[in-house]
Amino acid sequence: MTLFWEIWPAIRLTLSLALVTTLILLVIGTPIAWWLARSKSRWTIIVNALIALPLVLPPTVLGFYMLILLGTGGPGGWLAPIWGGRSLAFTFPGLVIGSVLYSLPFVVQPLRNSFAAIGPGPLEAAYSLGFDFRKAFALVILPLARPGYLTATVLGFSHTVGEFGVVMMIGGNIPGQTKVLSIAIFDYVEQLRWTEAHIIAFAMLIFAFVALALTMSVDRRIARIQP
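Quick caveat: nothing in here was measured; it's all calculated off a predicted structure.

## Examining the packing of helix H1 (residues 2–38) against helix H2 (residues 43–56)
Packed helices, taken two at a time, are described by the angle their axes make and the gap between the axes. Viewed as axis vectors pointing N to C, H1 and H2 meet at an angle of 135°, and their least axial separation amounts to 10 Å. In this view, H1 runs oblique relative to H2, as classed from their interaxial angle. Note on packing geometry: the crossing formed by H1 with H2 is left-handed. Taken together, the residues of H2 that come into contact with H1 (itself represented by Ile32, Trp35 and Leu36) are Trp43, Thr44, Val47, Asn48 and Ile51. Tallied by class, residues from the contact of H1 with H2 come to 6 nonpolar, 2 polar and no charged.

## Here's the deal with unusual backbone geometry
Glycine aside, negative phi is the norm for most residues, and most peptide bonds take the trans geometry. A positive phi angle, near 60°, is found at Phe90, a position not held by glycine. Topologically, Phe90 is positioned in the loop between helix H4 (75–79) and helix H5 (92–118). On the accessibility criterion, Phe90 (40% relative accessible area) is partly exposed.

## Overview of a nonpolar patch on the surface
On the surface, Trp35, Trp43, Ile45, Ile46, Leu50, Leu53, Leu55 and Val56 cluster together to form a nonpolar patch covering roughly 860 Å² of accessible area. Within the fold, Leu53 resides in helix H2. Looking at Leu53, the relative accessible area reads 38%, which means it is partly exposed.

## Concerning the pattern of salt bridges
With the rule as written, the count across this model stands at 3 salt bridges. Linking Glu6 and Arg193 is a salt bridge whose minimum nitrogen-to-oxygen distance equals 3.1 Å. In this pair, Glu6 is assigned in helix H1 and Arg193 in the loop between helix H10 (181–190) and helix H11 (194–225), connecting sequence segments 187 residues apart. For Glu6, a relative accessible area of 38% corresponds to the partly exposed category. Taking the relative accessible area as the measure of exposure, Arg193 reaches 26% and is therefore partly exposed. Put simply, Lys179 and Asp187 hold a salt bridge, and the shortest N to O gap is 3.0 Å. The network of salt bridges with common partners includes Glu6, Arg193 and Glu196.

## Quick look at the nonpolar core
A general tendency of soluble globular proteins is for nonpolar side chains to be buried together. Counting residues in hydrophobic clusters, the biggest one holds 29 residues, and the most contacted among them are Leu111, Phe115, Ile141 and Tyr149. Contributions of two or more residues to this core are made by H1, H5, helix H6 (121–128), helix H7 (133–144) and helix H8 (146–161). Excluding residues within four positions of it along the chain, Leu111 makes contact with Gly29, Thr30, Ala33, Gly148, Tyr149 and Ala152. One finds Ala10, Leu181, Tyr188 and Met204 within the second-largest nonpolar core, a separate group that totals 13 residues.

## Observations regarding the packing of aromatic side chains
Taken as a whole, this structure holds 9 aromatic pairs when the rule is applied. A centroid spacing of 5.5 Å and a plane angle of 50° characterise the contact between Phe164 and Phe186, whose relative ring orientation is tilted. You can see Phe164 sitting in the loop between H8 and helix H9 (165–171) and its partner Phe186 sitting in helix H10, a full 22 residues away along the chain. Here Phe164 falls in the partly exposed class, since its relative accessible area comes to 32%. Members of the aromatic cluster, connected to one another through ring pairs, are Trp34, Phe115, Phe133, Phe137 and Tyr149. The lysine or arginine in question, Lys135, covers the ring of Phe131, its NZ or CZ lying 4.7 Å from the ring centre.

Conventions we followed
- Residues numbered from 1 in each chain as written.
- Predicted model: local features only at pLDDT ≥ 70, side-chain atom pairs only at ≥ 80, totals over all residues.
- Heavy atoms only, no water.
- Axes fitted to C-alpha atoms, helices over the stretch in contact; angles between N-to-C directions.
- Helix = DSSP H or I, 4+ residues; strand = E, 2+ residues; numbered from the N terminus.
- Parallel < 35°, antiparallel > 145°, perpendicular 65-115°, else oblique.
- Left-handed = near helix turned anticlockwise from the far one by under 90°.
- Contact = heavy atoms within 4.5 Å.
- Nonpolar A, V, L, I, M, F, W, Y, C, P; charged D, E, K, R; others polar.
- Buried < 20%, exposed > 50% of the residue type's maximum accessible area, 1.4 Å probe, protein only.
- Patch = residues over 30% accessible without salt bridge, like charges linked within 9 Å, V, L, I, M, F, W, Y side chains within 5 Å.
- Areas by Shrake-Rupley, 256 points an atom, 1.4 Å probe, with all protein chains shown as cover.
- Salt bridge = Lys/Arg side-chain N within 4 Å of Asp/Glu carboxyl O.
- Core = buried A, V, L, I, M, F, W, Y, C linked by side-chain atoms within 4.5 Å.
- Phe/Tyr/Trp six-rings, centres within 6.5 Å; stacked < 30°, edge-to-face > 60°.
- Lys NZ or Arg CZ within 6 Å of the ring centre and 35° of its normal.

As structure tokens, this is what we get:
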């Protein structure tokens, strides 16, 4: 129990970051995924590539450029004085911004696949019944896309929980403010506290396994609704 209370601030911060990031991603990811699934524009290739960049880009590279943008000399330094800060770097809002960009493909891709699997038929049927787009999307598309939303939620949340490179670059290692679980493991390793590092790492390993198992189960459901 001593270890639990020692790392509780990191646990609380990690869960808060993952929850806020996932909610934001679901809100902004829905229109992006819908457009990617339905649009025939050539711009979809460019947008897809931009969204997928975090999948192949080293986290330290993304974290470095985010640090510049969120620092005192970038937009983060211009916006922070609104609430009395110097910059968005090394703050919780800065962590959220970086996490949203880094986890974006893990939410957009499942939603896009789910929307594409539904096809145009249900929406056209809703239009024939006199529904406008908002009503048709809320009452027809969203219920059909529930497996995709579950996958996106699990992947977005679990990926944010496991972040290290980006949060280290943007947030540093400030206890209670930017020190998340992945950084806590790094700290324990540096201090040669192997037992504590093992316990936290194993708990995160189990969490990742359960998240992946749940995601694969949902993916099988999505495959069944594909035409």
